[in-house]
Amino acid sequence: MLAGGRLLLERDAELARLRGALAAARAGSGAAALLTGPAGIGKTRLARALRDEAREDGVRVLSARGAELEHDFAFGVVRQWFEPLVRGSGVALEGAAALAAPVLLGEAEAGDEPSFSILHGLYWLAAELAGDGPLALFLDDAQWSDEASLRFVHFLAGRLDGLPLLLLLTAREPLGGLLAELARSPAADVLVLPPLGPGAVTQLLHERSGGRVDEAFALACRDATGGNPFLLEELAQALAAEGVEFVASERGRVRAIGPRSVATAVQLRLAALPAEATRLARAAAVAGDDAPLPLVAALAELSEAEAAAAADELASASLLEDARPLRFVHPIVAAAIRESLLAGEREGLHARAAGLLEAVGAPAEAIAVHLLAVAPAGEARVAATLLEAAERSLQQGAPEAAASLLERALAEPPGELLPRVLLALGNAEHRLERPGAAERLREAHRLAPDPRLRAEAALVLTWAVVSQQHRRDDLQPLLERSIAEVGDGDRELLLRLEAAWLGVAWDRGDLDAILERGERFADLAGESASECLVLAILAHAWMDAGRPALEVAALAERAARREVATELARHSLWLIHLHAVLATTEQTELLSGLSDAVVADAQQRGALRSYLLGSMTRASLHFRAGDVRSAEADATAALTAESREAVSVPAVGALVSALVEQDRLDEAAAVLAEHGLDGELPAFRHGTVALLARARLHEARGDLEAALADYAEMRRRLDRAGRERVNVVGLDGRVATAVLLRALGRTEEADREAVAALEAARRWGTPGAIGTALHALGVVRDDVGLLREATALLAESPFRLREAKALLDLGSLLRRSGRRSESREPLRRALALADGGGAARVRELAREELAASGVRVRRAALSGAASLTPSERRIAERAAAGASNPEIAQALFVTVKTVEMHLSNAYRKLEISGRGELARALAQG
């Protein structure tokens, strides 16, 4: 068959597979395919054949092509796909798709989490385009694509289910990096194109010659080219140009001409053309595919008319395609022409191209592509352009491109821009987790000419060092110098530096240093984001030091100002510290409002880390309130966000704890194993949430010694600040340890632990803490009075799950003491609390105790709204409130297909036919 006017041979099987993928996409089951093989094997031709068929079938086709020269042009491929639509075809960036605006429109920076937010926005742009009708995204020569675009390809490929979208890439072997990952993943169908067989070689030669082709001659051609279609066509053209007949007696000529390189063949063809054609070809090879004719003409120093005529000559010689803008027939041809240039000639053309682009106001990124190919010459303008392009790449979440640009800027060298270049490069390398980031930033700090730039370098250095666990002995002195330099001239910057100092001290476990330095900030009003951040760290330190809850709560309230919550949500330290303090001071209503605001803001900005933290906080709140089904939903939402951040570990802990309380122990164990948390756990402090959850799982399975070991490790990690007195921090682990020791018959140890816990809780002073400790002591001593006191205090707290467990233990002790009728009231209350939140373990134990007391409690069959999983209910509630499936998916960071699946399950369980009946069915449940 013909593809684009050219023969397509021995590709029927591959084309059939691609047609199947296209049909699946058109039917709404998105598909991704990767065509691979050596250069010239026919990947592009096959992809174009499918592309033409897709267009004929009414599929919207967007095409892009990787270019060797543009590997460091951040989101270059993405721009080829979507920029013409957004800038010229009236496609609006609305909803989550608006997050892609920094890349496609350049209207704003991408915010504090650019990598994810832009990928999220681009995904929803693609999804919305596909929602208007089937969409096909073609990417040729993907091996030369920029890393940022390939990250989007990888992101999209894993989310195609339910979208009428085909993603087709071609790439040369061997595959590396993200392309190799994609090939190994189940998301893509990989097609490796084989060389042509003898029959296809004969057919191609016949098509080129129009006459006789002997089998022996065809075999000689196949041997010379390895059956590579492009090389075979080049050979056929060279043979024809020399008048060689394609017969057996001439096969010796094949051996003579066959080894000739493509570069030689191209030069021979150019030599037969006018000089203007050669100049245009060389200029086009340097300018890159799809460069506009006026730019290439200026680069070749030709008039536009001369350039147009030369382009026609090059098309007739099968070097350029017969199209505008200019494009070579194959990247091998462009590379051959580019490599034929002397180094100085090639650099001169790149320098001239950069100047021409600058003159017409092209973006710094487009100019930088050419500057990267020019040898350093100490030009300040070059370094400034590279720095501007790199800073744009950083803003758009493309640190790989930024790092390449900045390394080239360093080589210029950048002169007085050196500190800014080093700061930006250190920032990029920090995001890429490269080991040299910290030293770059230290050098930027040393060379920075003004206090503000030194302060910014110190801040980036602090987070780079702390997150990557590098040496940090010089951080606090360095921050102190910047604090002294900044002074009160810029109070927000000053407080950001102070927060960094406190954060380093916290990371080192230097509680005394935080308390000593932090006292000067205890009277802050919390009127700005930086003030609130400092107050949150100080409040956590006060809590760790054993200050009373009332004092800590007052500090935390000032740190928790709703007016700055959305800004603070972008600084993870604020919510991490404040979550711990507000939960422990039992200010759950305030914490709930903040976490809701954080999640809403994260959804609007596409901020993955903030969304994870907010969801994790809500999961913890739901768990304490006894609503373990909602805790499961929020923890699952946090993990669905696919973050590799360390803060996902507490989300795993929250999910495991919720599953344990629902008596889904095998699922809980599977979650721990899936996330690698069934063995050695990460050393950071908030990993203790996972330790606590794992201990609960061991306890539920009856492995009390393993549970004790995890509780002990949890307490060791929480105590690393060197506190001498037992306090409220780690109270959950201490009371659980006391109860386990009692179960193991180690009653004296158990009593000591419970008494110590009660003393710490009374010093702290909140009803939930005291009630929790009294509950443990009551169990250890089999004391009804202590358990009654515990349940009364827990009823005043926000801790419904703890209250349910205390009521269960009180009722159980009363029944075992022969006071059966008296036991029923607390057992019924325990059952009601547990049943309302889905705490199946407590519910079943309460039911068994009631049965033993003489009361038969019927086991209610789950039906209606009660039978919905947490995820199904969450999605159903949003749908009932009027949100569309895409809106729900965007808000929850899931795919439309996931929403459709959960809604379908909900309709079946609720026995309704559709969306309009949801509100009524949920209300009845």
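Since the model is a prediction, treat every value here as computed from it, not as a measurement.

**Points about helix 47 (residues 896–910)**
In this model, helix 47 (15 residues) spans 21 Å end to end at C-alpha, consistent with the 21 Å of a helix rising 1.5 Å per residue. Here helix 47 has its buried residues at Val896, Val899, His902, Leu903, Ala906, Tyr907 and Leu910. Down the axis, helix 47 shows its buried residues gathered within 140 degrees of arc, on one side only. Remark: Glu911 follows helix 47 within two positions and exhibits a positive phi of approximately 60 degrees.

**Let's talk about helix 28 (residues 549–559)**
Of the residues making up helix 28, those classed as buried are Ala549, Val552, Ala553, Leu555, Ala556 and Ala559. Mapping the buried residues of helix 28 onto a view down its axis gives an arc of 165 degrees, with all of them on the same face.

**Considering the pairing of strand 6 (residues 165–172)**
Taking burial as the measure, the eight residues of strand 6 include eight buried ones, the bulk of the element. Going residue by residue along strand 6, you find Leu165, Leu167, Leu169 and Ala171 tucked away on one face and Leu166, Leu168, Thr170 and Arg172 tucked away on the opposite face as well. Judged from the seven bridges that link them, strand 3 (residues 31–37) and strand 6 form a sheet pairing that is parallel. Pairing of Ala32 across the sheet is with Leu167, part of strand 6. Direction of pairing for strand 5 (residues 135–140) relative to strand 6: parallel, over a ladder of five bridges. Its bridge partner being in strand 6, Phe138 is matched across the sheet by Leu168. You can see the chain leave strand 5, run along helix 6 (residues 147–157) and come back into strand 6, and the turn it takes is right-handed.

**Regarding the packing of aromatic side chains**
For the structure shown, the criterion picks out six aromatic pairs. Judged by centre distance (5.0 Å) and plane angle (80 degrees), the ring pair of Tyr123 and Trp124 falls under edge-to-face. When sorted by exposure, Tyr123 lands in the same class as Trp124, which is buried. An aromatic cluster of three or more residues is present, and its members are Trp81, Phe82 and Phe152. Directly above the aromatic system of Trp501 lies the positively charged group of Arg517, at a separation of 4.5 Å from the ring centroid. One Lys or Arg, Arg802, reaches over the ring of Phe799 and ends 4.4 Å from the middle of that ring.

Basis of the calculations
- Residues numbered from 1 in each chain as written.
- Predicted model: local features only at pLDDT ≥ 70, side-chain atom pairs only at ≥ 80, totals over all residues.
- Heavy atoms only, no water.
- Helix = DSSP H or I, 4+ residues; strand = E, 2+ residues; numbered from the N terminus.
- Expected span 1.5 Å × (residues − 1).
- Buried < 20%, exposed > 50% of the residue type's maximum accessible area, 1.4 Å probe, protein only.
- Arc of directions from axis to C-beta.
- Pairing = 2+ DSSP bridges.
- Right-handed = clockwise from strand over helix to strand, strands pointing away.
- Phe/Tyr/Trp six-rings, centres within 6.5 Å; stacked < 30°, edge-to-face > 60°.
- Lys NZ or Arg CZ within 6 Å of the ring centre and 35° of its normal.

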